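# Coordinate analysis (summary)
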Amino acid sequence: MKLTPEEVEQFKREGYLKIDKRVIDDEHLAVLCEHYDTLFTEKRDTIGEGLRNLAVVGDSEADEDADRAEEMLQIMEMWRHDEEYRKLLYHEPLLDIAESLIGSDIQLFHDQALYKPAYHGGEVHWHQDNAYWQCDPPNLVSIWIALDDADEENGCMNVIPGSYLEGLAAHGRAESEKGKLPALLQVDADVDRAVPVPVEAGCAMVHHCMTLHQTDPNRSSRDRRAMVIHYMPSGTRNRDGEVMKDNLLLRGELA
């Protein structure tokens, strides 16, 4: 599923691309959803076992008095927990998309499952991924896969086209009306430029690690389950300046 030259040019202009073709068929999607739900059920109410609530309001995520009424649930490194998600890393249509944008030598940076439950799914504030990661060069791309239909009602992605060309913005700790969100960063963004990117289940969108993006709360009666895989060109350095040679090689060769 390599991108067309026109799609690649659109990505270069805007820093994101909606993939309207199915990247996951119905049978595969059903398996991924089943394993996703099982893992989130197992991790519920655990501490230090891979599940985080990014919507926690308080002085720290571990604060006993923190407000956990809203949930933006995250499990990092799904591939380490479940074989189906390990196999997903090597899913040819996804790697074809990544190769079209970052070249043939592709490593995994990491993956993450992001779950906004119905009615009380929490917001993710405006940010650039590389404000968290601080990778060099900042040429990573993320493929955001919808396991449920994602739209403006249940918290689809919103992006600011072209923002990745404007450099790294100054980020601070995120805050809501209730207080500090210790798990999240936030940046002032020109919301008048923002566009929503609704994605149907089994489809995807891809964005650059410097693209400003955000997701609204989920107040609908529908869950919003998503899976994100972050790909980097071989030879990318971490925040300490070290080449990440030990990250999984998904296609091609190590630099």
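Just above sits the structure.
Residues numbered from 1 in each chain as written. Predicted model: local features only at pLDDT ≥ 70, side-chain atom pairs only at ≥ 80, totals over all residues. Heavy atoms only, no water.

Moving on, we get to the side chain of Asp-63. Along the chain, Asp-63 turns up in the loop between strand 2 (51-53) and strand 3 (73-76). With no salt bridge to any partner, buried Asp-63 finds its closest opposite charge in Arg-68, at an N-O distance of 6.7 Å. A polar side-chain atom of Asp-63 sits 2.9 Å from the main-chain amide nitrogen of Asp-65. Leave out the neighbours within four places in its chain, and Asp-63 touches Gly-58 and Arg-68. (Helix = DSSP H or I, 4+ residues; strand = E, 2+ residues; numbered from the N terminus. Buried < 20%, exposed > 50% of the residue type's maximum accessible area, 1.4 Å probe, protein only. Lys, Arg positive; Asp, Glu negative; His and termini not counted. Salt bridge = Lys/Arg side-chain N within 4 Å of Asp/Glu carboxyl O. Polar contact = N/O pair within 3.5 Å; in protein donor to acceptor, adjacent residues only side chain to side chain. Contact = heavy atoms within 4.5 Å.)

Burial runs high along helix 5 (residues 92-102): nine of the 11 residues are buried. The set of residues buried in helix 5 consists of Pro-93, Leu-94, Leu-95, Asp-96, Ile-97, Ala-98, Glu-99, Leu-101 and Ile-102. Looking one or two residues beyond helix 5, the residue adopting positive phi is Gly-103, at roughly 100 degrees.

A few words now on the packing of aromatic side chains. Each aromatic ring pair is described using two quantities: the centre-to-centre distance and the angle formed by the ring planes. Under the defined criterion, the tally for this structure stands at four aromatic pairs. Geometrically, the ring pair formed by Phe-40 and Tyr-115 is edge-to-face, given 5.4 Å between the ring centres and 70 degrees between the ring planes. In this pair, Phe-40 is assigned in helix 2 (residues 26-43) and Tyr-115 in strand 4 (residues 106-116), connecting sequence segments 75 residues apart. Judged by centre distance (4.8 Å) and plane angle (55 degrees), the ring pair of Phe-109 and Trp-133 falls under tilted. Of the two residues, Phe-109 is situated in strand 4 and Trp-133 in helix 6 (residues 129-133); the sequence distance between them amounts to 24 residues. In this pair, the class of Phe-109 matches that of Trp-133, namely buried. Taken together, the aromatic side chains of Tyr-36, Phe-40 and Tyr-115 make up a single cluster linked through ring pairs. (Phe/Tyr/Trp six-rings, centres within 6.5 Å; stacked < 30°, edge-to-face > 60°.)

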